[in-house]
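One letter stands for each residue in the lines below.
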Amino acid sequence: MQAFTVERYGKKNALRLADVPTPELRDDEVLVQVHAAGVNLLDSKIRSGEFKLILPYKLPLILGHDVAGEVVKVGRRVRQFKIGDAVYARADDFRIGTFAEFVPVKEASLALKPEGLTMEEAASIPLVALTAWQALVEKAKIKKGQKVFIQAGSGGVGTFAIQLAKHLGATVATTTSTGNVALVKSLGADVVIDYKTQDFEEVLRDYDVVLNSQDNETLVKSLRVLKPGGKLISISGPPDPAFGKEIKAPGFVRLVLRLLSAGVRRKAKGLGVDYSFLFMKANGPQLREITRLLETGVIRPVVDRVFPFAETNAALAYVEAGRAKGKVVVKVK
């Protein structure tokens, strides 16, 4: 099969289109023929080597975390899916590789594609949707009437998280550029801060939850808009000791993670708020909950551009530029 591979880590290293063997299927997996693949900043960060401490992949590596496609083969222990099913998923860590013609996915990580969505729309959903779900539902346990600050509201995670937080009954604040104010308002944002002309720290007070996706300076400022007992959940780091324990990292890695997050955790404790890091995981049951929200129109996908498979490097560069409204997708089939 054809696939885009990382030959060596580096920010400017282009992915190489190569002929590689179709992955062998494990008993608890299905083989998905990829129709479309979502492109995420996570792909760029893995390519640059940013996550090699916590995700020690062997090179060469096929990138790509989001998939929508058709089941073409099932492992002998698979019961929920059959050949011909239209499905979507966030590929499992250490089994990623959706920038390819085929990808294996664990049965437990897979869901049927939402009715009414194209393959391209479905491929835009899993990683950002599961990130938002695991942050706002699982970790923050958002309740009706709470106030939530979601950074970068016009980005992939932001466009989904705003809609989910509103569905959960929260008042939502977000940051965006002038040109995207109408978009985030249409998704349900109540308070919109133009980051080019306003400082969110001067506008927001006593928030219950912050979903942080930006740099360390923004993270520290965000701690100060929380009320006592509030929670900041960061998807951009730094990883904390709880995460090291969760992934069963070796002792020296846990020590590094503890040191990396020490300053932020100390600041959070001094302000009487909670800091935690989230690295989302593939999860089929959660994706099925998300499917219901998509099929009933509670949440809609936001797709900026669809690139042909041959232009996967251009798609990744477009995501890295940080100007996409919603998600970027590669059409494979």
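The structure we're discussing is the one just above.
Peer 1: Looking at this structure, I do not really get the environment of Leu-259. What am I missing?
Peer 2: Looking at the element boundaries, Leu-259 is found in helix H9 (residues 251–271). For Leu-259, a relative accessible area of 61% corresponds to the exposed category. Linking Leu-259 and Pro-241, residues 18 residues apart in sequence, is a C-alpha distance of 8.9 Å.

Peer 1: Please clarify how the packing of helix H7 (residues 216–223) against H9 should be interpreted in this entry.
Peer 2: A pair of packed helices is characterised by two quantities: the angle between their axes and the separation of those axes. Interhelical geometry of H7 versus H9 gives an angle of 15° and a closest axis separation of 10 Å. It follows from the interaxial angle that H7 and H9 lie roughly parallel. When the axes of H7 and H9 are compared, the crossing they make is right-handed. The segment H7 lies against H9, with Asn-216, Leu-219, Val-220 and Leu-223 engaging Val-264, Lys-267, Ala-268 and Leu-271.

Peer 1: Would you explain the packing of aromatic side chains in this entry?
Peer 2: Each pair of aromatic rings is reported with the distance of its centres and the angle of its planes. One pass over the structure, following the stated rule, counts seven aromatic pairs. Between the aromatic rings of Phe-4 and Phe-309, the centroid separation amounts to 5.1 Å while the plane-to-plane angle is 80°, which identifies the pairing as edge-to-face. Taken together, the positions of Phe-4 in strand S1 (residues 2–6) and Phe-309 in the loop between strand S15 (303–308) and helix H11 (312–320) put the pair 305 residues apart, joining distant regions of the chain. According to the relative accessible area criterion, Phe-4 is buried, its value standing at 3%. Judged by relative accessible area, which is 11%, Phe-309 ranks as buried. Their ring planes at 65° and their centres at 5.5 Å tell us that Phe-51 and Phe-279 sit as a pair that is edge-to-face. Remark: Phe-279 occurs in the loop between strand S14 (274–277) and helix H10 (284–295) and Phe-51 occurs in the loop between helix H1 (41–48) and strand S4 (61–62); sequence separation between them is 228 residues. By relative accessible area, which is 13% here, Phe-51 ends up buried. Aromatic rings pair up to connect Phe-51, Phe-243, Phe-277 and Phe-279 into one cluster.

Peer 1: Sorry, what's going on with the sheet that holds S1 here?
Peer 2: The pairing of strands in a sheet comes from backbone hydrogen bonds and takes either a parallel or an antiparallel form. Taken in spatial order, the three strands line up as S2-S1-S4 in an open sheet, and their pairing is antiparallel. Strand pairing shows two members of the sheet lacking a second neighbour, strand S2 (16–19) and S4, which therefore form its edges. Note: S1 against S4, two bridges, orientation antiparallel. Along S4, the bridge assignment pairs Thr-5 with Ile-62.

Peer 1: For this particular structure, what's the right way to read the side chain of Ser-124?
Peer 2: Along the chain, Ser-124 falls in the loop between helix H2 (119–123) and helix H3 (126–139). Side-chain polar atoms of Ser-124 contact the backbone oxygen of Glu-121, separated by 2.6 Å. Leaving out residues up to four positions away in the same chain, Ser-124 has contacts with Pro-301, Val-303, Lys-327 and Val-329.

Peer 1: So what exactly am I meant to see when it comes to the pairing of strand S10 (residues 171–176) here?
Peer 2: Each regular strand carries side chains that alternate between the two faces of the sheet. Summarising burial for S10: five of the six residues are buried, a large majority. As for the winding sense of the linkage, the β-α-β connection from strand S9 (residues 147–150) through helix H4 (residues 156–167) to S10 is right-handed. Where S10 meets strand S11 (residues 191–194), four bridges bridge the pair, whose relative direction is parallel. Opposite Thr-176, over in S11, you have Asp-194 as the bridge partner. In this region the chain leaves S10, passes through helix H5 (residues 181–186) and returns to the parallel neighbour S11; the handedness of that crossover is right-handed.

Peer 1: Whenever I open this one, unusual backbone geometry confuses me. Can you help?
Peer 2: The phi torsion of most residues other than glycine is negative, and most of the peptide bonds are trans. For the bond running from Leu-59 to Pro-60, omega is 0°, close enough to zero to count as cis. Following the sequence through the fold, Pro-60 ends up in the loop between H1 and S4. Following Gly-237, the chain continues to Pro-238 via a peptide bond in cis, the omega torsion being 0°. Checked against the element boundaries, Pro-238 lands in the loop between strand S13 (226–234) and helix H8 (241–246). Unlike most non-glycine residues, Phe-94 shows phi in positive territory, near 70°. Along the chain, the position of Phe-94 falls in the loop between strand S6 (86–90) and strand S7 (102–106). Judged by relative accessible area, Phe-94 falls into the partly exposed class, the value being 46%. Here Lys-141, not a glycine, exhibits a phi torsion of approximately 50°, which is positive.

Peer 1: So what exactly am I meant to see when it comes to the nonpolar core here?
Peer 2: Grouped burial of nonpolar side chains is what soluble globular proteins tend to show. Within the largest apolar cluster, 105 residues are counted, with the highest numbers of intra-cluster contacts made by Ile-46, Tyr-88, Phe-160 and Ile-290. The element that contributes the greatest number of residues to this core is H3, accounting for eight residues.

Peer 1: Can you help me understand the pattern of salt bridges in this one?
Peer 2: Where charged atoms from two side chains of opposite charge approach closely, those side chains can pair. Scanning all chains against the criterion turns up 15 salt bridges. In this structure, the salt-bridge partner of Arg-76 is Asp-27, at a minimum N-O distance of 3.1 Å. Residue Arg-76 is found in the loop between strand S5 (66–74) and S6, and its partner Asp-27 is found in the loop between S2 and strand S3 (29–39); the two are separated by 49 residues along the sequence. Judged by its relative accessible area of 28%, Asp-27 is partly exposed. The closest approach of N and O atoms between Glu-29 and Arg-95, which form a salt bridge, is 2.7 Å. In this pair, Glu-29 sits in strand S3 while Arg-95 sits in the loop between S6 and S7, placing the two residues 66 residues apart along the sequence. With relative accessibility at 0%, the residue Glu-29 sits in the buried group.

Definitions and limits used
- Residues numbered from 1 in each chain as written.
- Predicted model: local features only at pLDDT ≥ 70, side-chain atom pairs only at ≥ 80, totals over all residues.
- Heavy atoms only, no water.
- Helix = DSSP H or I, 4+ residues; strand = E, 2+ residues; numbered from the N terminus.
- Buried < 20%, exposed > 50% of the residue type's maximum accessible area, 1.4 Å probe, protein only.
- Axes fitted to C-alpha atoms, helices over the stretch in contact; angles between N-to-C directions.
- Parallel < 35°, antiparallel > 145°, perpendicular 65-115°, else oblique.
- Left-handed = near helix turned anticlockwise from the far one by under 90°.
- Contact = heavy atoms within 4.5 Å.
- Phe/Tyr/Trp six-rings, centres within 6.5 Å; stacked < 30°, edge-to-face > 60°.
- Pairing = 2+ DSSP bridges.
- Polar contact = N/O pair within 3.5 Å; in protein donor to acceptor, adjacent residues only side chain to side chain.
- Right-handed = clockwise from strand over helix to strand, strands pointing away.
- Core = buried A, V, L, I, M, F, W, Y, C linked by side-chain atoms within 4.5 Å.
- Salt bridge = Lys/Arg side-chain N within 4 Å of Asp/Glu carboxyl O.

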